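Summary of structural features
Residues per chain, in single letters:
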Amino acid sequence: MKILFLEWKSYCVPDMTEALEAAGHSVTTITFHEMTDRYSTEFESLFNSYIDKASYDAVFTFNYFPIVSKYCNKLNVLYISWVYDNPLVSLYSYTVINPCNRIFLFDRKSYEYFHNSGISTIFYLPLCANPNRLCANIYPDTPIHDVSFVGSLYTEPKQRLYDKIANVDEYSRGYLYALVKAQANIDGYFFLQDALTPELIAAMEKVCPVPANPDGVETPAYVYSHYFLGRQSTAIARQNILQKLSEHFNVTVYTHENCKSYLPNVIYGGKVDYYNGMPAIFQNSRINLNITLKTIQTGIPLRAWDILGCGGFLLSNYQEELCDYFVPGEDFIYYESAEDAIEKTAYFLNHENERIEIAQNAIKKIAAHHTFHNRVEEMFKML
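Residues numbered from 1 in each chain as written. Predicted model: local features only at pLDDT ≥ 70, side-chain atom pairs only at ≥ 80, totals over all residues. Heavy atoms only, no water.

**Here we look at the overall build of the chain**
The helix and strand inventory of the chain stands at 15 helices and 12 strands. Only carbon and sulfur atoms are counted for the fraction: they give 50% of the accessible area of the chain, which is about 16,500 Å². Across the chain, 30 positive and 43 negative side-chain charges occur, with their mean positions spaced 3 Å apart. (Helix = DSSP H or I, 4+ residues; strand = E, 2+ residues; numbered from the N terminus. Areas by Shrake-Rupley, 256 points an atom, 1.4 Å probe, with all protein chains shown as cover. Lys, Arg positive; Asp, Glu negative; His and termini not counted. Charge placed at Lys NZ, Arg CZ, Asp CG, Glu CD.)

**Considering the environment of Ile 119**
Mapped onto the elements, Ile 119 comes out in the loop between helix H4 (108-116) and strand E6 (122-124). With 22 residues separating them in the primary sequence, Ile 119 and Ile 97 have C-alpha atoms 6.5 Å apart. In contact with Ile 119, not counting residues within four places along its chain, are Val 96, Ile 97 and Phe 114. (Contact = heavy atoms within 4.5 Å.)

**With respect to the pattern of salt bridges**
Counted according to the given criterion, the structure contains 15 salt bridges. A salt bridge links Lys 244 to Glu 339; the shortest N-O distance between them is 3.5 Å. Pair noted here: Lys 244 is in helix H9 (residues 220-246) and Glu 339 is in helix H13 (residues 338-349), with a separation of 95 residues, a long-range link. Given a relative accessible area of 48%, Glu 339 falls into the partly exposed group. For Lys 344, the salt bridge identified is with Asp 340, shortest N-O distance 2.9 Å. Separated by 4 residues within a single helix, Lys 344 and Asp 340 lie in helix H13, roughly one turn from each other. Taking relative accessible area as the criterion, Asp 340 reaches 15% and is therefore assigned buried. It is possible to trace a salt-bridge network through shared partners that takes in Arg 108, Glu 320 and Asp 324. (Salt bridge = Lys/Arg side-chain N within 4 Å of Asp/Glu carboxyl O. Buried < 20%, exposed > 50% of the residue type's maximum accessible area, 1.4 Å probe, protein only.)

**Notes on helix H15 (residues 372-381)**
Residues Phe 372, Asn 374, Arg 375, Val 376 and Met 379 constitute the buried set of H15. Each element contacted by the buried residues of H15 is listed here: helix H1 (13-22), strand E3 (58-62), strand E4 (78-83), strand E5 (101-105), helix H11 (302-309) and helix H14 (352-369).

**Considerations on the layout of surface pockets**
One number sums up the size of the largest pocket: a volume of about 1,700 Å³. Around the largest pocket, the lining is made up of 48 residues, and of these Tyr 11, Tyr 84, Asp 85, Tyr 154 and Gln 159 lie nearest the centre. Counting residues per element, the ones that place at least two in the lining of the largest pocket are H9, helix H10 (278-283) and H11. Split into classes, the residues belonging to the lining of the largest pocket amount to 24 nonpolar, 11 polar and 13 charged. Of the voids in this model, the second largest pocket is the one considered here, and its volume is about 410 Å³. Tyr 92, Tyr 113, Gln 193, His 226 and Gln 297 are, among the 24 residues lining the second largest pocket, the residues nearest its centre. Ranked by residues supplied to the lining of the second largest pocket, first place goes to H4 with 4 residues. Of the residues contributing to the lining of the second largest pocket, the split by class is 12 nonpolar, 7 polar and 5 charged. (1 Å grid on protein atoms, 1.4 Å probe; cavity = no way out; pocket = protein on both sides within 12 Å on 5 of 7 lines; lining within 4 Å. Points joined across faces, edges and corners; volume = space filled by probe spheres on them. Nonpolar A, V, L, I, M, F, W, Y, C, P; charged D, E, K, R; others polar.)

Here it is in structure tokens:
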């Protein structure tokens, strides 16, 4: 196929391009910031010109963009999208049913929701890693960390959507806080959307309305639970684990903002670049933490794949699909509580040979079964 790869500062672009080309496809990559809009005359003009010039057989994006689907459908061009974010409100655009679409979701629970709703354009495909890129360089100058975490703590201003509903009435505020705290302690089951009553939704709408997109069928319950409350639950969970671990071990956190004011015992590592900085951290950390965003119910987050693909040792919260593709205790370790995380961290910091063997087991499995080359082969069988 001749494929137009539309890029928007997404991760894994070189990995996917390499795999597509190795499979015999011709790939042209173009950065298209305009496709993040639902409506854009500029996008239509640029998109049409590229399609007309080269007669592409398919368009590919990481994550799903309704405007791309709209024009692919209009021009009868196959649109392949592989989603690595969850939640992703654009999946609730009515454009998902366009026959041009082949949308791949990494979270099996999310896929099942759409599949059971009769959406035939959505498929399940887990994420993966590229050990060849991730392990291409050795980083002797990178400090060795005992424990590290790379990711958002959801405390940056743009992530603090929960603050926007702080002025709800006292009863609703207390009820919502209790729900968020409860969700923070539960992995693998996201109950917040089902727990929102019409009264709670009305209270939030009163102080911070969330109008639906003109081409969307997302409900206020979905938006409030996944974006406002789910992120807050994740923030609580991540801070709780990091605080308790940092009371016993040297824990380095790489995130967007200095977190020392609310995590006084951690070592703040600053921001980190996905391509150049992150592999060095994963390779040079004795224990790499994955603390999954609560809205990812069963899927393996990209962070966990990258840790394992670097040959790093992974300590994660429980995720159903991690246990489907890897063996706990053999390829990675999961914790069931903060106390369990402390106990397992102490053990593996003192059993280096066992820790290294576990990390090596995982990267061997990835290299054999879970590369971008493997996923491209699986993907194209479903087209």
